[in-house]
Structure formats: structure tokens, C-alpha cells
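Given next are the chains, with one letter for each unit.
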Amino acid sequence: MTDHAVLDELRQAIDEAFHGRERVAMREVYAQASRHVSLPADLLTHLNELPEGAYDRRELTEAINEVITRRGEQDTLGLLEVPRQAGPREEHRSAWPEEDEGPDLMR
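All values derive from a computational prediction rather than experimental measurement. (Residues numbered from 1 in each chain as written. Predicted model: local features only at pLDDT ≥ 70, side-chain atom pairs only at ≥ 80, totals over all residues. Heavy atoms only, no water.)

## Description of the pattern of salt bridges
Using the criterion set out here, one finds 9 salt bridges in the structure. A salt bridge links Arg21 to Glu28, with the shortest nitrogen-to-oxygen separation between them at 2.5 Å. Residues Asp42 and Arg71 are paired through a salt bridge, measuring 3.4 Å at the closest nitrogen-oxygen approach. Taken together, the residues Asp42 in helix H3 (residues 41-48) and Arg71 in the loop between helix H4 (57-70) and strand S3 (79-80) connect sequence positions 29 residues apart. Taking relative accessible area as the criterion, Asp42 reaches 43% and is therefore assigned partly exposed. Among the ionic contacts, a cluster of salt bridges with common partners joins Asp42, Glu49, Arg70, Arg71 and Glu73. (Salt bridge = Lys/Arg side-chain N within 4 Å of Asp/Glu carboxyl O. Helix = DSSP H or I, 4+ residues; strand = E, 2+ residues; numbered from the N terminus. Buried < 20%, exposed > 50% of the residue type's maximum accessible area, 1.4 Å probe, protein only.)

So, in C-alpha cells, the structure goes:
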């Protein structure tokens, strides 16, 4: 699986964990990611490095990106796109960028 596909799979697991919720516990994100058999065990260890507690999408994405950066993998693995904060005019929009808004990875 390519690095891009790995991050896409992780993003899908995060979307599933947040389905209908603003905040989720780290253990729920890990459990959802564990159900994705395509995710390599090494990527799951990235999630193990995050402190327990509840996260919103932005907090979780930034925390995962910090782990990737701390490990020096940002050039090979890439980073997750940090979701926009929903403001009063954007509340109806998804926190994740639309397909035509650019790449899923920041390199």
C-alpha cells in the first residue's frame, strides 16, 4: 500500500470514528483504525503515542501530524490535511476538504 493510500485509509477510519460526533476518545479512534486491516501496524503505533482523552477532528489531526513530524516521516509518509474550523458561515460544510479543493496530503 502506498503512503498516500495509507493516509487515505487512516482518514477513512477517523471519519468513521467521528460519524455524528464532535469529539471522540482516543481509544475509539484506535479501535476504528484497528478494524481497517489495510493499515500497517506501524501506523497504529503512531496512534499509541497520542495521549488518552477526547479529541475533535482538528486536535486529532494536528496530534497525528506532530507524531509523524517528530518521527521525521513527513517527507516519506506525508501529513494529514488539517480540517478547517467551522465558523458561523461554514457550519454546514464538512471539516474535511472537498475532492476538488486540492490534495489530501501536505508535503
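## Some points on helix H2 (residues 26-34)
Of the residues making up H2, those classed as buried are Met26, Val29, Gln32 and Ala33. Down the axis of H2, the buried set is contained in an arc of 125 degrees. They therefore lie on one face. (Arc of directions from axis to C-beta.)

## Things to note about the nonpolar core
By size, the foremost hydrophobic cluster in this structure holds 25 residues, and its most contacted members are Leu10, Ile14, Leu47, Leu50, Leu60 and Ile64. Mapped by element, the contributors of at least two residues to this core are helix H1 (3-18), H2, H3, H4 and S3. When residues in this core are grouped by element, the largest group, 7 residues, is from H1. (Core = buried A, V, L, I, M, F, W, Y, C linked by side-chain atoms within 4.5 Å.)

## Points about the confidence of the model for the chain
Averaged over the chain, the pLDDT score is 82; the fraction of residues at 70 or greater is 76%. With pLDDT under 50 throughout, residues 87-107 is counted as low confidence; its partners more than four residues away or in other chains account for 39 contacts. (pLDDT = per-residue confidence, 0-100. Contact = heavy atoms within 4.5 Å.)

## So, H3
Helical geometry note: an α-helix holds 3.6 residues per turn, so side chains three or four residues apart project in the same direction. Among the residues making up H3, those that are buried are Leu43, Leu44, His46 and Leu47. Take H3 and look down its axis: the buried residues cluster within an arc of 145 degrees, on one side only. Pointing more than 90 degrees away from the buried face of H3 are the exposed residues Ala41 and Asn48.

## Section: the packing of H2 against H3
It is the contact of H2 with H3, at a shortest axis distance of 10 Å, that shows an interaxial angle of 175 degrees. Compared by their axis directions, H2 and H3 come out roughly antiparallel. Here Met26, Tyr30, Ala33 and Ser34 of H2 lie close against H3, whose contacting residues are Leu44, Leu47 and Asn48. Among the residues forming the contact of H2 with H3, the class breakdown is 5 nonpolar, 2 polar and no charged. (Axes fitted to C-alpha atoms, helices over the stretch in contact; angles between N-to-C directions. Parallel < 35°, antiparallel > 145°, perpendicular 65-115°, else oblique. Nonpolar A, V, L, I, M, F, W, Y, C, P; charged D, E, K, R; others polar.)

## Some thoughts on the side chain of His36
Relative to the assigned elements, His36 resides in the loop between H2 and H3. A relative accessible area of 9% places His36 in the buried class. Engagement of the side chain of His36 in a polar contact is seen with the side chain of Glu16, the distance being 2.8 Å. (Polar contact = N/O pair within 3.5 Å; in protein donor to acceptor, adjacent residues only side chain to side chain.)

## Observations concerning the environment of Ala5
Relative to the helices and strands, Ala5 resides in helix H1. In this structure, the C-alpha to C-alpha distance between Ala5 and Leu39, residues 34 residues apart in sequence, is 9.1 Å.

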